[in-house]
Amino acid sequence: MAELFRMPAVAADAATAVLSAWQVAEGEAFTKDDALVSIETDKAEVDVSAERDGVLLKALYEAGVEIEVGEPIAVLGAVGEQAGDLDALLAELGVGVVAPGEARQAVRRDVPEEPVARPAAAPASGGPDSGGRIFSSPLARRLAREAGLGIETLTGTGPGGRVVRRDVEAAVAARRTQVTQPPATPAPLAAAPMPQTAEPAAPAGSGDHEDIPHTRMRRAIARRLTESKQHTPHFYLRATCAVDELLALRQRINAVSPVKVSVNDLLIKAVATAHTQVPEMNAVWQPEAVRRFRSVDVSVAIATDTGLVTPVLRGIENLSVSAIATRTRAFAEQARSGALRPADLEGGSITVSNLGMYGVEEFAAIINPPQAAILAIGAARDEAVVRDGAVTAAKVLGVVLSVDHRPVDGAVAARWLAAFTEAVQNPVRLVV
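What you see as residue numbers is a count from 1 along each chain, following the sequence as written. Under the rules for a predicted model, residues below a pLDDT of 70 receive no local features and side-chain atom pairs below 80 are neither given nor counted, while totals for whole chains, interfaces and linings still include all residues. Each side-chain value is derived from all of the structure's non-hydrogen atoms; neither hydrogens nor water enter the calculation.

(A) Quick look at the pairing of strand β18 (residues 350–354). A 1.4 Å probe rolled over the protein chains alone gives each residue an accessible area, and that area as a share of the maximum for its type sets the label: buried under 20%, exposed over 50%, partly exposed in between. Only DSSP runs of H or I with at least four residues qualify as helices, and only runs of E with at least two residues qualify as strands; both kinds are numbered from the N terminus onward. Taking burial as the measure, the five residues of β18 include five buried ones, the bulk of the element. Burial of β18 is two-sided: the residues Ile-350, Val-352 and Asn-354 facing one way and the residues Thr-351 and Ser-353 facing the other way are all buried. Only when DSSP finds a minimum of two bridges between them are two strands counted as paired. In the sheet, strand β14 (residues 298–300) pairs with β18 via three bridges, with the strands oriented parallel. Within the sheet, the bridge partner assigned to Val-298 lies in β18 and is Ile-350. Where β18 and strand β19 (residues 373–377) come together, five bridges link them in parallel fashion. Among the inter-strand pairings, Asn-354 is bridged to a residue of β19, identified as Ile-377.

This is the structure we're talking about:
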């Protein structure tokens, strides 16, 4: 029997989400746990899987539409079921009739804009005799605002003359064409000399550059990190750790372990050791209190093609180094394939960000709110050090700890960094 498939609440605090892509075509059968649709939230792009076998009878939205949580986005049927009379089926399910050519946008309820005064001779772009109201989809209004277009200047091609996404995109494309093609210059009069004019500036959108539209994730990253720098009082502590023994330990572990352990896995375990020894760092700032956690949950920064994500390793004070390695690799694979769940990205009091594999010696990272700290790790390098009064060569790496001064004082952060450095330089405690 046909049923509505609604936009799921893939993030706890999200009222809307973007339908990134359908993974199943209309009329195509699927089985339980197959990916039906990809959903983009502020934090990640995730695949939503089918709860049972079935067939996608009708997709009610096209890819790229921002949709309210709980809104119907598709009609699903049992295996072998045919759509039949789609209008009757949608009416039976309580969804408005879907117009041809607009089947994937028509179910969203029209939201009228404020009445806009128009010249008497201007054509009505909001639909026939709409009484001054302009019907448009929320996504169309947002795209129009970002492009600097007045919604009242657009001609709607959706049901009832509604302005939809394609209308905004067509207007933007038309404007770009007009800008990049200069108007024809009329022939000058024989008696009039040609005036000297300056060369026009290169228009926006010309061949010398490309404007890449922001994704929802990129906007979220920009907003959150800007808010972090504006509202979180950062302070920074730097340290240099000798890692000769850590590298030797890693070599011995990898000689016998079925799971290959990276330097980053050992450093994450060192973070857990420091959090255990200095529990005041395992906290976040809340409006009414400092929240201190009983388990050590650490975010790991992972770069993907769509942006940076920070899945959380939970309870790592009780995990072996090989278990940390296994979970970190699983997160990396899920992040790059879009299989992370929103729950994987929530929580933690500190993030580990490692750019050492790119040869970066040192950098200061921005705290990922509401966490209290982020540890930036650079590359291991050869450096002359003094040991027992003699100069010798050693492998060292630089770290920078960015700390939120609201829940954590400088002395606490200094004790934490000393505990971390001690764990790195005497790594046997990481495996006992």
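(B) Highlighting unusual backbone geometry. In this structure, Pro-370 follows Pro-369 across a cis peptide bond, with omega equal to 5°. Non-glycine residue Asp-33 carries a positive phi angle of around 80°. Along the chain, Asp-33 falls in the loop between β3 (29–30) and β4 (35–40). A residue is classified by how much of its surface remains accessible, and Asp-33, at 54% relative accessible area, is exposed. In this structure, Asp-388 is a non-glycine residue whose phi angle is positive, near 55°. Topologically, Asp-388 is positioned in the loop between β20 (381–387) and β21 (390–404).

(C) Representation of helix α8 (residues 410–425) within the structure. Given the number of residues in a helix, its expected span is that number minus one, multiplied by 1.5 Å. Here α8 contains 16 residues, and its C-alpha end-to-end distance of 22 Å stays within 8% of the 22 Å for a straight helix at 1.5 Å per residue. Taken together, the buried positions of α8 are Val-412, Ala-413, Trp-416, Leu-417, Ala-419, Phe-420, Thr-421, Ala-423 and Val-424. Looking at the buried residues of α8, the elements they touch are β11 (234–242), α5 (244–256), α6 (263–277), β18, β19 and β21. The contact rule is simple, with two residues in contact once any of their heavy atoms fall within 4.5 Å.

(D) Representation of the pattern of salt bridges within the structure. Only one rule defines a salt bridge in this text: a Lys or Arg side-chain nitrogen within 4 Å of an Asp or Glu carboxyl oxygen. Summed over the entire model, instances satisfying the criterion amount to 12 salt bridges. Across the salt bridge formed by Arg-387 and Asp-244, the nearest N and O atoms sit 3.4 Å from each other. In this pair, Arg-387 sits in strand β20 while Asp-244 sits in helix α5, placing the two residues 143 residues apart along the sequence. Residue classification places Arg-387 among the partly exposed positions, given a relative accessible area of 38%.

(E) Quick peek at the packing of aromatic side chains. Aromatic contacts are taken between Phe, Tyr and Trp rings whose centres are within 6.5 Å, Trp giving its six-membered ring; a plane angle under 30 degrees counts as stacked, one over 60 as edge-to-face, and the others as tilted. In the structure shown here, the tally under the stated rule is one aromatic pair. Their ring planes at 5° and their centres at 5.6 Å tell us that Trp-416 and Phe-420 sit as a pair that is stacked. Of this pair, Trp-416 and Phe-420 both sit in helix α8, four residues apart, which is roughly one turn of that helix. The two residues Trp-416 and Phe-420 agree in class, both being buried.

(F) Structural view of the environment of Ala-384. For Ala-384, the position within the fold is in strand β20. The spacing of Ala-384 and Lys-395 is 11 residues in sequence and 8.7 Å in space, taken between C-alpha atoms.

(G) Here's a closer look at the sheet that holds strand β6 (residues 54–59). On the basis of which strands lie adjacent, the open sheet formed by four strands has the order β1-β8-β6-β3 and antiparallel pairing. Of all strands in the sheet, those with a lone pairing partner are β1 (3–6) and β3, marking the two edges. Pairing between β3 and β6: two bridges, direction antiparallel. Bridging from a neighbouring strand, Ala-29 pairs with Val-55 of β6.

(H) Quick look at the nonpolar core. Ranked by size, the top nonpolar core spans 87 residues in total, and within it Ile-73, Met-281, Ile-316, Val-399, Leu-401, Trp-416 and Phe-420 carry the most contacts. For this core, the element with the highest residue contribution is α8, accounting for eight residues. Excluding its chain neighbours within four sequence positions, the residues that come into contact with Leu-401 are Phe-235, Tyr-236, Leu-237, Met-281, Ile-350, Ala-373, Ile-374, Leu-375, Ala-413 and Trp-416. Only buried residues count toward a nonpolar core. Its members are Ala, Val, Leu, Ile, Met, Phe, Trp, Tyr and Cys residues joined through side-chain atoms within 4.5 Å. Grouped together as the second largest cluster of nonpolar side chains are eight residues, Ala-144, Leu-154, Val-163 and Val-172 included.

(I) Local environment of the packing of α6 against helix α7 (residues 321–337). Axis definition: a line fit to C-alpha positions, over the contact stretch in the case of helices; interaxial angles, taken between N-to-C directions, run 0 to 180 degrees. Put simply, α6 and α7 touch, their axes get as near as 9 Å, and they point 115° apart. The pairing of α6 with α7 is recorded here as roughly perpendicular in orientation. As α6 packs across α7, the resulting crossing turns out to be right-handed. The segment α6 lies against α7, with Asp-265, Leu-266, Ile-268 and Lys-269 engaging Val-321, Ile-324, Ala-325, Thr-328 and Arg-329. Counted by class, the contact of α6 with α7 contains five nonpolar, one polar and three charged residues. In this scheme, roughly parallel covers angles under 35 degrees and roughly antiparallel covers those over 145, while 65 to 115 is roughly perpendicular and the rest are oblique. Each crossing gets its handedness from the near helix: less than a right angle anticlockwise from the far helix is left-handed, clockwise is right-handed. Following the grouping adopted for this structure description, the nonpolar residues are Ala, Val, Leu, Ile, Met, Phe, Trp, Tyr, Cys and Pro, the charged ones are Asp, Glu, Lys and Arg, and the polar ones are all others, Gly among them.

(J) Quick peek at the side chain of Lys-269. Summarising the element assignment, Lys-269 is placed in helix α6. It turns out Lys-269 is buried and unbridged, and the closest side chain with the opposite charge, Glu-317, is 7.2 Å from it. For this analysis, a polar contact is any N or O atom pair within 3.5 Å, provided that within protein one partner can donate a hydrogen and the other can accept it, and provided that sequence-adjacent residues contribute only side-chain to side-chain pairs. Reaching out from Lys-269, the side chain makes a polar contact with the backbone oxygen of Glu-317 at a distance of 3.4 Å. Reaching out from Lys-269, the side chain makes a polar contact with the backbone oxygen of Leu-319 at a distance of 2.7 Å. Positive charge is attributed to Lys and Arg, negative charge to Asp and Glu, and no charge count is given to His or to the chain ends.

(K) Geometry of the environment of Asn-254. Secondary-structure assignment places Asn-254 in helix α5. Separated by 68 residues in the primary sequence, Asn-254 and Ser-322 have C-alpha atoms spaced 9.4 Å apart. Setting aside its immediate chain neighbours within four residues, Asn-254 contacts Val-259, Lys-260 and Val-261. Side-chain polar atoms of Asn-254 contact the backbone nitrogen of Val-261, separated by 2.7 Å.

Purely geometric numbers; function is a separate question.
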